[in-house]
Structures are given as structure tokens and as C-alpha cells.
Amino acid sequence: MVGAKRIDGLLAYGIIYLIFIYAPVLLIVLFSFNNGIYVAFPLKDFTFKWYSDMVHNTGLTKAVGVSLRIAGIVAVVSTVLGVLGAKAVTRYAMPGKAMVTFLIMLPLVIPAIVFGISLLTLIAKVFGIQPGTWSIVCGHVLICVPFSMAVMISRLQGFDKNLEEASLDLGETGWRTFWRVTVPLAMPGIVASFLLCFTTSFDEYQIAAFLSGNDATLPVYIYSQLRFPNRLPGTLALGSCILAISFVIVTFAEWMRRRGTNPDKGLGI
Amino acid sequence: MVSVAEKTLVQPTGGLRRRFMTLLYRSEGVRGYALLLPTLLVMIAMLVVPLGTLALQSFWTQIYFKLDHSFTLNNYLQIFDFKQNPIYLVLLFRSIIMSLMVTFFVVITAYPMAYFLAFKVQRHKLVWLILITVPFWTSYLLRVFAWKIILGFQGVINSGLISLGLIDQPLEFLLYNQTSVVITLTHAWAAFAILPIYVSLEKIDRSLLEAATDLGDTPRERFWRVTFPLSMPGVVAAGLLVFIPTVGDYVTPNVVGGTSGIMIGNIIQSLFGKANNAPLGSAVSIVMMAAITLLVCAFLMLIGRRRWKHAET
């Protein structure tokens, strides 16, 4: 009896916790359909006009283009680097492995502002280049590679290493084994890593704010809109779209990589 | 004729290449590093080199629009000159305290959730896990921004309470102070703590728990003597994953902090922007990272020593 009560208590806590995490964000969605400039109760009529207004906004569409381009490049580069790195770390005995892994995972525990200002210094002051799309790509690859590595490491540890060895024993070269055995088996992880890096880059603000130059990304654009109270509803509508798309992408990615695997190793990220 | 000529031409390079490849394949370490090389080079080029440049710049001086590259410690002296410029150390101290509070709240609220996930959820575990992880990947800026519309002068709470007739005037203390920053950061980083704790709980050998029960522990005793100590690595990892990045956060104070909620990141941001003193900004960020590193090392040593003592007794 006591046990049952305790489980219920924890279940209630779990539900409250989920509400705490999701409710603030859902308020953005709720008020994006509200026919009024202010984000305040009581709610006014239901409207789609903030959404239809977005289509004509050229600043917005340009920012979407910049963000999509950056996120695409970042996702490809980070995933490739993550796959190679994870394969090396999980399959080979290497001296100094712990230190190298530490270096690659280091960006997880450095405040984002530090990447922004240090890359800005290197690019703008040392090389004398106007920062822009490519500088943001650099900053985002930096924070995405640890994520990609973590995803790929747990994926590669999840399947039997003997499969690769069998392929090598049967006469395939290392390279062909990689393409014909490792990559297909790791595919769910690769797709998940691509999508998660894409979303991370697409949503990232703190680094992009320093490195955007004239190429404002979508979050940088949103931030610039926060100053104008009359543009708030439009920003809410935009935010809702971003949240919805991110939600779908990330849910798919997480489902893809966690399904059927024993969760989890490492940090569990 | 042609094919023979081609063969003789190709062979020596082929042999050389094969010898090189054999050498490469003989050493596992070399193969591993060859595979890791691209990743490592990118990290060095984009992390180590920029950080080095930042450190170098902290010894330079900004004179209007020019940089004086001669070595000086002036930026650091300025930061540590508490009488002249107390702002740097005060803000650094305040940011650390605020981050510690955030870390405490995040970990303490995440723990029961992680426990619930690891021990109580039997069915639909994947759904719960995904629901917890999704916010982790979605827009940080929007999660922070959500609190501005909740806590604002004409925001959700104030307008809600007014339309319910509970208050006549909007409550002004909700937004633009340290509390609003701490609340917002706690919410924004919540998802980061659950996973590491969950993983460490999930790893616990269930037979240890049964043994504790068999030996007469009550569920409460069992939790504090077996489960909790074994989950400490996850708790520590979660704490570090939240504490370190939040110290330097500047968006949250910008959006919900107002003037009384600013943190050290805002100073760095303005030194690199409007205040146009990147060398001083570099020095402030180096001091910030040094302070974080010192704190983390001291903390880890403390834990290590306690565990060592535990093992001895």
C-alpha cells in the first residue's frame, strides 16, 4: 500500500515537472493566436493574422535563409567529424585517449560567450575578415561536435564490434568495412546526430550574436525584434513556428536513436 | 606496350604506399589517431587557437580604434583594483552565486524526475525520455523569452491576477531583478540535469538494492545509503553541466534581468560591443574562466578526498 502511494506521488511530480518545462513555451503558442498587441489576459479573439503577416516580411525570410544554410553546413560537418571521432574513440586503443576526448567534449562546459568573443577576436582582429556566415559555422561546429560525438559513441557501443571484425576477416578492406558495415548499422545515430546538430545550430543565439556581421540568423533577427513592442505578436507567431518545427525534428531524432537501444552510456546526452 | 610501361611506372609507388599502409595498420594507436585527426584539428583550430588569441589579447591595450600590441598587465590590474573599479569582481561574485543557486534548484528538482524515470516508469519509457529531452534541444532564446511574457509588467501573471480581481496594480517585483534571472535560468537549464542523473541511476545494479532490503534497510535508509551515493557521479556531472555555462550567460539577464539583474557576461558583451574595449573584455573573460576552473577543481578535490576517506574507514 505504502509503495503504491509513493509511486503515485512520483508520477504526480513527473507530470508537474513536465508542465513546468512545457507551459512557459506553450504560452508563446497560445498568445500567437491572440488578436491583440499585448500578451495579457483576458484573451481576445482567435486570429491567424500574425502568421499570414510573416510571409511578407523580407528581413525574416532572409534570416530564415541564412539560418537554414548555416544549420545545414554545420549538421553535415559536425556529424562527419562526430562519426570519425566516435569510431576512433570506441574502436581503437589509443594512448592519451582520455585527454583527447576531454578536449573534444570541452565545449560542453565553456560558457557560450567565450566562443563568441574568442572566434570574433581571431577572425576580425587577427585575420581582419568581416565576420559572417562562415564564422557562425565555425562557432556552431564547435558546440555541435561534442553532441554528435556523444550520440555516435553510444550508438557505436550499442552494436557488436565483432560484425566489423568478421567483415575484415572475410577480406573486406577497412574502408569498405566502414561503408558496408559500420555506416549502415550506425545510420539511426547518424540521422539523429544530423537532425540534432541542425536544430542546435538553427536555434543558437549566444554565439551567433557576436559573429553574425551583416548576416543575421533567425535567432539574431528575433532578438532584434524584441525591442519593438508592437512587433511582439509577430515574434510570437514566428517563435511558435520554430518551436513546432524543432519539436517535430527533435522528437523524430530522439525516437530514431533511442529506439531499441539500451539507454545509455556516457553523459546520456 | 603501353600497359607494361604503365605497370612499371605504377609499381614502385604502389609498393611504397603498401609499405606505408602496413606501417599504418600495424599500430592501433596510429590508426585511431588518423581517424580522429580531422576532428582534433578542427577543435584545435576553432577552440584552442581562438582561446589562445583571446588570452593574448588580454595583455594588449585598446586606444580608441587602434590596438596597442605591447605587453601589459594593466587590464588585469584594473579588474582586481577593487577600490577603483569594484564592478568586475562584484559582478563575477554575483554571477557565481546566481549560477550556484540555479544549479542547486535545477539539480534538486531534476533528481526526483530522474529517479521517477529510472525506477518507476515501466511502460512508455521512450515517450517520457523524449518528452524530457526535447526542450534540451529547442530554442534557448525562446525559452528565456517566454519568461518575459510571463513575468512582465503587462504579462501573463499580472494580467491574469488582475482579471481574476486578486490585485489592482501590476506587481513590479516580478521582472527585472536577480530572482527573475534565477527562475528563468532554472527553467531554461532544467533539461540538462535530468539525463546525467537518470543515466547514473539507471546504471545502478538492482541486486544491490535488493541486498540492502534483505539486510534490513527501510526504503528510506536504502535510498540514502545505496541509491543516492551511487548516483553521485550523475549529480556532479549535472551540476557542472549547468553551473559552468550559466556563469557566463548574457542573454537571460538581457531579456529578463534589467539593470539590477546583470551578470558578468553582460560586461564582457558590452566591452566587446558598445564600450569597445576588447582587450579588457578578454581579460574579464579569462578571469571568469579561471575563477570557474578554480571553483570546479576545488569542488572535485573535495569530493575526491571525501570519497577517499570513505574508502579508508
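Conventions we followed
Residues numbered from 1 in each chain as written. Chains lettered and ligands numbered in written order. Predicted model: local features only at pLDDT ≥ 70, side-chain atom pairs only at ≥ 80, totals over all residues. Heavy atoms only, no water. Helix = DSSP H or I, 4+ residues; strand = E, 2+ residues; numbered from the N terminus. Rg over C-alpha atoms; globule rule 2.2 N^0.38 Å. Buried < 20%, exposed > 50% of the residue type's maximum accessible area, 1.4 Å probe, protein only. Contact = heavy atoms within 4.5 Å. Areas by Shrake-Rupley, 256 points an atom, 1.4 Å probe, with all protein chains shown as cover. Domains from an automatic or database assignment. Salt bridge = Lys/Arg side-chain N within 4 Å of Asp/Glu carboxyl O. Phe/Tyr/Trp six-rings, centres within 6.5 Å; stacked < 30°, edge-to-face > 60°. Lys NZ or Arg CZ within 6 Å of the ring centre and 35° of its normal. Buried area = accessible area lost by both parts, 1.4 Å probe. Nonpolar A, V, L, I, M, F, W, Y, C, P; charged D, E, K, R; others polar. Axes fitted to C-alpha atoms, helices over the stretch in contact; angles between N-to-C directions. Parallel < 35°, antiparallel > 145°, perpendicular 65-115°, else oblique. Left-handed = near helix turned anticlockwise from the far one by under 90°. Lys, Arg positive; Asp, Glu negative; His and termini not counted. Polar contact = N/O pair within 3.5 Å; in protein donor to acceptor, adjacent residues only side chain to side chain.

Colleague: Before we go on, may I ask you to explain the overall build of chain B in this structure?
Modeller: Regarding its fold elements, chain B presents 13 helices and two strands. Against the compact-globule benchmark of 20 Å for 313 residues, chain B has a radius of gyration of 27 Å, which places it well outside the compact range. With the principal axes as the frame, chain B shows a C-alpha extent of 100 × 75 × 50 Å. Residues counted as buried form 48% of the 313 residues belonging to chain B. Sequence-distant contacts, at least 24 apart, represent 67% of the contacts inside chain B between residues at least 6 apart. In the form shown here, chain B has an accessible surface area of approximately 16,400 Å², with 67% of it arising from carbon and sulfur atoms.

Colleague: Just to check I follow, could you spell out the domain arrangement of chain B for this structure?
Modeller: Where interface size is given, it is often the accessible area lost as the parts come together that is meant. The domains assigned to chain B are domain 1 (2–47) and domain 2 (74–312). Look at where the C-alpha atoms of domain 1 of chain B and domain 2 of chain B centre, and you get two points 46 Å apart.

Colleague: Where do I start with the pattern of salt bridges in this structure?
Modeller: When their charged atoms lie close together, side chains carrying opposite charge are able to pair. Applying the stated rule across the entire model yields seven salt bridges over all chains. Two residues, A:E254 and A:R257, come together in a salt bridge whose shortest N-O distance is 3.5 Å. Placement of the pair is A:E254 and A:R257 together in helix α11 (residues 232–258), with a separation of three residues, close to one helical turn. The exposure classification of A:E254 matches that of A:R257, with both residues buried. Of the charged contacts in the structure, one is a salt bridge between B:K125 and B:E202, with a shortest N-O distance of 3.5 Å. Of this pair, B:K125 sits in helix α5 (residues 125–137) while B:E202 sits in helix α8 (residues 178–203), and the two are 77 residues apart along the sequence. Its relative accessible area of 23% is what places B:E202 among the partly exposed residues. Shared partners join several salt bridges into a network, and the residues in it are A:K87, A:R91 and A:E164.

Colleague: Just checking my understanding: could you explain the packing of aromatic side chains for this structure?
Modeller: Any pair of aromatic rings gets described here by the distance separating the centres and the angle formed by the planes. Taken as a whole and assessed by the stated rule, the structure comprises 33 aromatic pairs over all chains. Here A:F33 and A:F48 contribute two aromatic rings whose centre-to-centre distance is 5.6 Å and whose plane-to-plane angle is 85°, an arrangement assigned as edge-to-face. Of this pair, A:F33 sits in the loop between α1 (2–32) and α2 (49–54) while A:F48 sits in the loop between α1 and α2, and the two are 15 residues apart along the sequence. A ring pair is formed by B:F136 and B:F192, whose centres lie 4.3 Å apart and whose planes are at 40°; its orientation type is tilted. Remark: B:F192 occurs in helix α8 and B:F136 occurs in helix α5; sequence separation between them is 56 residues. Among the aromatic side chains, those forming a connected cluster through ring pairs are A:F147, B:F136, B:W137, B:Y140, B:W189 and B:F192. Its guanidinium or amino end placed over the ring of A:F228, A:R231 lies 4.2 Å from that ring's centre, counting from NZ or CZ.

Colleague: Hey, could you run me through unusual backbone geometry in this one?
Modeller: Glycine aside, negative phi is the norm for most residues, and most peptide bonds take the trans geometry. Residues and elements named next belong to chain B. Residue H124 is not a glycine yet carries a positive backbone phi of 55°. If you trace the backbone, H124 turns up in the loop between α4 (87–120) and α5. Here N276, not a glycine, exhibits a phi torsion of approximately 45°, which is positive. Assignment of secondary structure puts N276 in the loop between α12 (264–272) and α13 (278–312).

Colleague: Before we go on, may I ask you to explain the interface of chain B and chain A in this structure?
Modeller: The interface is formed by 91 residues belonging to chain B together with 92 residues belonging to chain A. Between chain B and chain A lies a buried interface of about 8,000 Å² when both sides are counted; carbon and sulfur atoms form 80% of it. At the boundary of chain B with chain A, the tally comes to zero salt bridges. No other element matches helix α2 (residues 28–57) of chain B, which puts 23 residues into the side of chain B that touches chain A. Among the residues making up the side of chain B that touches chain A, the classes are represented as 63 nonpolar, 21 polar and seven charged.

Colleague: Hey, could you run me through the packing of helix α7 (residues 162–169) of chain A against helix α8 (residues 174–203) of chain A in this one?
Modeller: Axes are the key here: two packed helices are described by the angle between their axes and the distance separating the axes. Residues and elements named next belong to chain A. The N-to-C vectors of α7 and α8 enclose an angle of 150°; their axes lie 10 Å apart at closest approach. As the angle between them shows, α7 and α8 are arranged roughly antiparallel. As for how α7 packs across α8, the hand of that crossing is right-handed. Only G174, T177, V181, T182 and L185 of α8 make contact with α7, whose side of the interface consists of L163, E164, S167 and L168.

Colleague: Explain the side chain of B:R143 here, please?
Modeller: Along the chain, B:R143 falls in helix α6 (residues 140–151). For the buried residue B:R143, which engages in no salt bridge, the nearest side chain bearing the opposite charge is A:D203, 7.3 Å off. Here B:P135 takes part through its backbone oxygen, which lies 3.1 Å from a polar atom of the side chain of B:R143.

Colleague: When you look at the packing of α4(B) against α8(B) in this model, what are you seeing that I'm missing?
Modeller: Residue and element names in this part refer to chain B. α8 packs onto α4 with a crossing angle of 40° between their chain directions and a minimal axis gap of 6 Å. The orientation of α4 with respect to α8, classified from their angle, is oblique. Our pair here, α4 against α8, has a crossing hand that is right-handed. Here the contact of α4 with α8 is built from residues that sort into 24 nonpolar, two polar and two charged.

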